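# Observations on chain architecture
What follows is the residue order along each chain.
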Amino acid sequence: MKKMVQAKLVSTEKIKLEKVKVPSITSDEVLIQVKVCGICGSDIHAYKGRHPFIHPPIVLGHEFSGLVSEVGSGVKAISKGEKVTVEPNVVCGECYNCLHGRYNICLNLKVIGCVGHNGAFAEYIVVPKDKVIKLPQGISWDEASLVEPAAVAVHAVKKAEQRVGDRVIILGAGPIGLLVMQVAKVSGAKEVIITDLLDYRLKKACDLGADRVVNSGRENLANLVKEDYGERIDLIYDCVGIEETVSQAIQIARKGTKILIVGVPEGKIAVNLAYVQDRELELLGSLMYVREDFTTALELIHQGKIKVRPLVSHHFTLEETDKAFQKILTMKEEVLKVLVQI
Ligand SMILES: [Zn+2]
Ligand SMILES: [Zn+2]
């Protein structure tokens, strides 16, 4: 029996390498040799033991690209040797939301590398055939691993019903914030203002086309918005999801506008609900994506309309997975997207 190495989260802040059997496939599954797997904010929450739904022991990793190594007897559309990425939400197909086209919020949602299914910080992974997406020519393993977070951004902008000519504010210039920023622009935003506490992230935002960057640690965002824009902010994306940013969003939003919560909160946070009620604010959650968002993200990357390569700050090997997580946790360097090459 063939063996493989996997990097498993065994307890809080502890990832151990294990040698295990390469999993076998059923007729409707595909075995993928993983090439690159990115570390997501939600992986970091889980690593710290602070994710509301992901708990060890688990092999994390849901942002990945790889080579098809074997297909089940019932798989016709995909063949061995093809380059692919994977839409990691595994759904029941029978609940209310699945039947109404919103399977990203399936009642029985499982997510590869998060809930109910081991992930891609491993040499091989088995996935259901209908979750496999073939890559076009000319897209790199790194870029393909970033289709997943880009799909999160595409879904958020769609959910926001952003209009052409909108002026939007994005709170947080991490990988998701920088992707939402690019998708917001491609979708016709007139002006995009992005905030963060870290200058190197704001510099990256400038390079990627931000119209204005604000260091919200040094500048008072509420005053700045009041003075420079008055009522002319149409939409806010919170790509952090902590009490400070949600409060900021509620404070600066024009009456009657939407606030998209894209960042994953680590638990309960207090918000000023009186403002939400009194100002008819719409606080909307955005979770993952559906297939259409995923394929749109892949096209945007492939056509060069959104740039993902500049988001990658570090590469590690599978053996160094724990080190890679620590790199993000300690934030001693200018960390953005960290990829594990397998
Ligand atoms: Zn992710
Ligand atoms: Zn369902």
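The rules behind each value
Residues numbered from 1 in each chain as written. Chains lettered and ligands numbered in written order. Predicted model: local features only at pLDDT ≥ 70, side-chain atom pairs only at ≥ 80, totals over all residues. Heavy atoms only, no water. Helix = DSSP H or I, 4+ residues; strand = E, 2+ residues; numbered from the N terminus. Buried < 20%, exposed > 50% of the residue type's maximum accessible area, 1.4 Å probe, protein only. Lys, Arg positive; Asp, Glu negative; His and termini not counted. Salt bridge = Lys/Arg side-chain N within 4 Å of Asp/Glu carboxyl O. Contact = heavy atoms within 4.5 Å. UniProt positions renumbered as here; feature names shortened; annotations may be inferred. Domains from an automatic or database assignment. Buried area = accessible area lost by both parts, 1.4 Å probe. Polar contact = N/O pair within 3.5 Å; in protein donor to acceptor, adjacent residues only side chain to side chain. Nonpolar A, V, L, I, M, F, W, Y, C, P; charged D, E, K, R; others polar. Donors = N, O, S within 2.8 Å, 3.2 Å for Na, K, Ca; no water. Tetrahedral: all angles 85-135°; square planar, octahedral: opposite > 155°, others 65-115°.

With that settled, the discussion passes to the side chain of D196. Tracing the backbone shows D196 in strand β11 (residues 191-196). No salt bridge is formed by the buried D196; its nearest oppositely charged neighbour, R201, is found at 4.6 Å. Contact partners of D196, with chain neighbours within four places excluded, come to G172, A173, G174, R201, L202, V214, N215, S216 and G217.

UniProt feature "domain: Enoyl reductase (ER)" (unreviewed entry): in the numbering of this structure it lies at residues 11-336. Secondary structure within residues 11-336 divides into 29% helix and 24% strand; the distance between the first and last C-alpha atoms comes to 24 Å.

We now examine the domain arrangement of the chain. If you check the domain split of the chain, you get domain 1 (3-146 + 308-341) and domain 2 (152-285). For domain 1 versus domain 2, the separation of C-alpha centres amounts to 28 Å. At the interface, 16 residues of domain 1 touch 15 residues of domain 2. A combined buried area of about 1,300 Å² lies between domain 1 and domain 2, and 65% of that area is made up of carbon and sulfur atoms. The interface formed by domain 1 and domain 2 includes 2 salt bridges. A salt bridge links E266 to R50; its shortest N-O distance comes to 3.3 Å. At the boundary of domain 1 with domain 2, the tally comes to 8 residue pairs in polar contact (both at pLDDT 80 or more). When its residues are assigned to classes, the side of domain 1 that touches domain 2 shows 7 nonpolar, 3 polar and 6 charged.

Right, let's get into unusual backbone geometry. The omega angle of the peptide bond from P56 to P57 is 0°, so this bond is cis rather than trans. With respect to the helices and strands, the residue P57 is situated in the loop between α1 (41-47) and β4 (63-71). One non-glycine residue, E13, lies in the positive phi region at around 55°. Residue E280 is not a glycine yet carries a positive backbone phi of 50°. By the element assignment, E280 lies in the loop between α9 (273-278) and β15 (282-285).

Quick look at the coordination of the zinc ion (ligand 2) now. Bound to the zinc ion (ligand 2) on the protein side are C92 (SG), C95 (SG), C98 (SG) and C106 (SG), at distances that span 2.3 to 2.4 Å. In this structure, the zinc ion (ligand 2) is coordinated by 4 donor atoms arranged in tetrahedral fashion, with angles at the metal of 102 to 121°. Along the chain, the residues donating to the zinc ion (ligand 2) fall in the pattern C-x2-C-x2-C-x7-C. Classification of C106 by relative accessible area gives buried; the value is 7%.

To continue, consider the environment of G113. With respect to the helices and strands, the residue G113 is situated in the loop between β7 (110-111) and β8 (124-128). For G113, a relative accessible area of 0% corresponds to the buried category. Through-space distance from the C-alpha of G113 to that of I58 is 7.3 Å; in sequence the pair is 55 residues apart. Contact partners of G113, with chain neighbours within four places excluded, come to D43, I58, V59, L60, G61, N118 and G119.

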